[in-house]
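Given next are the chains, with one letter for each unit.
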Amino acid sequence: MKKKRVGVLISGRGSNMLALINAARNSDYPAEIAFVLSNKADAAGIETASKLGIATQVIDHRKFSSREEFDAAINAAFQAHKLDLIACAGFMRIMTPVLISPWKGRMINIHPSLLPLYKGLHTHERAIADGQKDAGCTVHFVTAELDDGPIIAQVRVPILPGDTPETLAARVLIEEHKLYPEALRRVALKN
Ligand code: GRF
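Quantities reported herein were computed from a predicted structural model and do not represent experimental measurements.

Conventions adopted
Residues numbered from 1 in each chain as written. Predicted model: local features only at pLDDT ≥ 70, side-chain atom pairs only at ≥ 80, totals over all residues. Heavy atoms only, no water. Near = heavy atom within 4 Å. Polar contact = N/O pair within 3.5 Å; in protein donor to acceptor, adjacent residues only side chain to side chain. Areas by Shrake-Rupley, 256 points an atom, 1.4 Å probe, with all protein chains shown as cover. Nonpolar A, V, L, I, M, F, W, Y, C, P; charged D, E, K, R; others polar. Pairing = 2+ DSSP bridges. Helix = DSSP H or I, 4+ residues; strand = E, 2+ residues; numbered from the N terminus. Axes fitted to C-alpha atoms, helices over the stretch in contact; angles between N-to-C directions. Buried < 20%, exposed > 50% of the residue type's maximum accessible area, 1.4 Å probe, protein only. Arc of directions from axis to C-beta. Contact = heavy atoms within 4.5 Å.

We now examine the site of the ligand. Neighbouring residues of the ligand: R13, G14, S15, N16, G90, I110, P112 and E176. R13 places a side-chain nitrogen or oxygen 2.5 Å from an oxygen atom of the ligand. Contact between the ligand and S15: an oxygen atom at 2.5 Å from a side-chain N or O atom of the residue. Here the ligand has 360 Å² of accessible area as a free molecule, and 84% of this is covered by the chains. Here the residues of the shell around the ligand are counted per class, giving two nonpolar, four polar and two charged.

A few words now on the sheet that holds strand β5 (residues 107-111). Here we have seven strands laid out as an open sheet, ordered β3-β2-β1-β4-β5-β6-β7, and mixed in their pairing. Sheet topology places β3 (55-58) and β7 (151-158) at the edges, where each strand pairs with a single neighbour. Here the strands of the sheet are splayed against their neighbours by 20° on average, with no regard to which way each runs. The pairing of strand β6 (residues 134-141) with β7 spans seven bridges and is antiparallel.

Those residues of helix α2 (residues 44-51) lying buried are G45, I46 and A49. Take α2 and look down its axis: the buried residues cluster within an arc of 105°, on one side only. Looking at the buried positions of α2, the neighbouring elements they touch are β1 (4-10), α1 (15-24), β2 (31-38) and β3. The first or second residue beyond α2 is G53, which carries a positive phi of 85°.

Here is the structure:
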């Protein structure tokens, strides 16, 4: 089996990135994490990935005068690494079609809510404030609309009495780390 070459886009901690790296170490897993790109030089995930011997790059969005120019630079880096698939994992920039279109059907994202509910930021805070009984996380294909696009996999997580956004985020994150490798596996097998 030839493993699909995956690029991961991050902005911070990179715990989902690490979950993908760990899953991909398995010889049966149909993908390898070949490249990690961050828009932030101080993203902890960049250090984690480079310590593990994975090619990394930082492209600082503040050095570009438009979103499109920034996105074109990211896409060029992805093309240079000859990637098959892209996994966004806590990438905190809005992407334009300049980046999204070339990867149509080959770029996925993880979002900490039961999409289509709670797109955007502060998902757990909003779910608790609304009195929801469940939260969760979703892996979906990236399209031009933020946190939209066909759903690949989703898991429900109960909201418990006394939950704060932090306690709920921690419970959801445990599930994210299982869901994302499973979703990427499915996408890699189909592409
Ligand atoms: C995760 O909750 C993910 O769902 C969201 O941003 C967070 C990133 O965390 N998109 P990490 O960087 O993967 O630890």
